Amino acid sequence: MAAQKTLAETQKLVVKIAKREHGKIMATAPRPTSFKRVVDGRQGAPGEAVKPNGVIVYFYPRLQEVAQFAMETLFDLSPVLSGRYRESHTLFVDGVAVPNLKNYTGGEITISNPQPYSRKIEIGAMKMRVPGRVYEHAAKIVRARFGNVAKIGFTYRGLTSTGGSVLTGRRGNRSDLRYPVMTIKEL
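Residues numbered from 1 in each chain as written. Predicted model: local features only at pLDDT ≥ 70, side-chain atom pairs only at ≥ 80, totals over all residues. Heavy atoms only, no water.

Colleague: Any chance you could explain the layout of surface pockets here in plain terms?
Modeller: Rolled over the atoms, a probe sized like a water molecule indicates the empty space that remains. Considering only enclosed or pocket space, the second largest pocket measures out at about 200 Å³ in volume. Forming the walls of the second largest pocket are K36, V38, Q43, F59, Y60, P61, N148, V149, E186 and L187. A per-class count over the lining of the second largest pocket returns six nonpolar, two polar and two charged. (1 Å grid on protein atoms, 1.4 Å probe; cavity = no way out; pocket = protein on both sides within 12 Å on 5 of 7 lines; lining within 4 Å. Points joined across faces, edges and corners; volume = space filled by probe spheres on them. Nonpolar A, V, L, I, M, F, W, Y, C, P; charged D, E, K, R; others polar.)

If you want it as structure tokens, here you go:
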């Protein structure tokens, strides 16, 4: 009887501590936009389902931090002559250009550069003091640092001529519209 009561109190204490610490994280800036809870190895189970000697683990994606590091890395790796290329890296959320991720609530984050010569810089077809492949190299650096937090990729995608949105389908697959892109997704 005493052992059962002790186990029940232990289980309540585990739930109480997990909820308290989760609340602290959700109230701290930058506030996570979402979370995943794993209770005794079961994703999405309620905290109260934990065994007395069990474990509650919360996972918090922090894609804003990943995107900020990616932008800084691209800025640092960019060739500078006029500074236009370096200043033109653009954030997109679900294919739409955004000035920042202040109001980010989820979705795929991509970064690209709408300058017409960004493809040439990426493939190394321009004579520069720095090597090409800026986006490809930056994706490797970001992946090395945040590969356990997000899926970081490198590809080419179509952009509108103004660089305001990402094109999809056949329209976005024209070679004259394709630009280097770094993709950032939740794991």
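Back to the text.
Colleague: Explain the nonpolar core to me, please; I cannot follow it from the model alone.
Modeller: Nonpolar side chains tend to gather and get buried jointly when the protein is soluble and globular. Counting residues in each nonpolar core, the largest one holds 24 residues, and the members touching the most others are I109, V142, I152, M182 and I184. Among the elements of the structure, helix 2 (63-77), strand 4 (90-93), strand 6 (109-112), helix 5 (134-146), strand 7 (150-159) and strand 9 (178-186) are those that each provide at least two residues to this core. Residues V15, V50, Y58 and Y60 belong to the second largest nonpolar core, which totals nine residues. (Core = buried A, V, L, I, M, F, W, Y, C linked by side-chain atoms within 4.5 Å. Buried < 20%, exposed > 50% of the residue type's maximum accessible area, 1.4 Å probe, protein only. Helix = DSSP H or I, 4+ residues; strand = E, 2+ residues; numbered from the N terminus.)

Colleague: Help me understand a nonpolar patch on the surface in this model?
Modeller: A cluster of nonpolar side chains, namely V55, V57 and F59, defines an oily patch on the protein surface of about 240 Å² accessible area. Counting through the fold element by element, V55 comes out in the loop between strand 2 (42-43) and strand 3 (56-59). (Patch = residues over 30% accessible without salt bridge, like charges linked within 9 Å, V, L, I, M, F, W, Y side chains within 5 Å. Areas by Shrake-Rupley, 256 points an atom, 1.4 Å probe, with all protein chains shown as cover. Salt bridge = Lys/Arg side-chain N within 4 Å of Asp/Glu carboxyl O.)

Colleague: Would you explain the pairing of strand 6 in this entry?
Modeller: For a regular strand, side chains alternate in direction, first toward one face of the sheet and then toward the other. What you see with strand 6 is no split at all: I109 and I111 on one side and T110 and S112 on the other are buried throughout. Here strand 4 runs beside strand 6; their pairing, made up of four bridges, is antiparallel. Each bridged residue has a counterpart across the sheet, and for F92 the counterpart in strand 6 is T110. Bridge count for strand 6 against strand 9 is four bridges, and the pairing is antiparallel. Paired with S112 across the two strands is V181, which belongs to strand 9. (Pairing = 2+ DSSP bridges.)

Colleague: Help me understand the side chain of E108 in this model?
Modeller: Positionally, E108 belongs in the loop between strand 5 (96-98) and strand 6. Separated by 3.1 Å, the side chains of E108 and R157 make a polar contact. The contacts of E108, once residues within four sequence positions are left out, are F92, V93, D94, R157, T183, I184 and K185. (Polar contact = N/O pair within 3.5 Å; in protein donor to acceptor, adjacent residues only side chain to side chain. Contact = heavy atoms within 4.5 Å.)

Colleague: Whenever I open this one, the pattern of salt bridges confuses me. Can you help?
Modeller: A pair can form between side chains of opposite charge whenever their charged atoms are brought close. By the definition in use, this model includes seven salt bridges. With a shortest N-O distance of 3.1 Å, R20 and E21 are connected by a salt bridge. Judged by relative accessible area, E21 falls into the partly exposed class, the value being 31%. A salt bridge links E108 to R157, with the nearest nitrogen and oxygen atoms 3.1 Å apart. You can see E108 sitting in the loop between strand 5 and strand 6 and its partner R157 sitting in strand 7, a full 49 residues away along the chain. Where salt bridges share partners, they join R20, E21 and K24 into one cluster.

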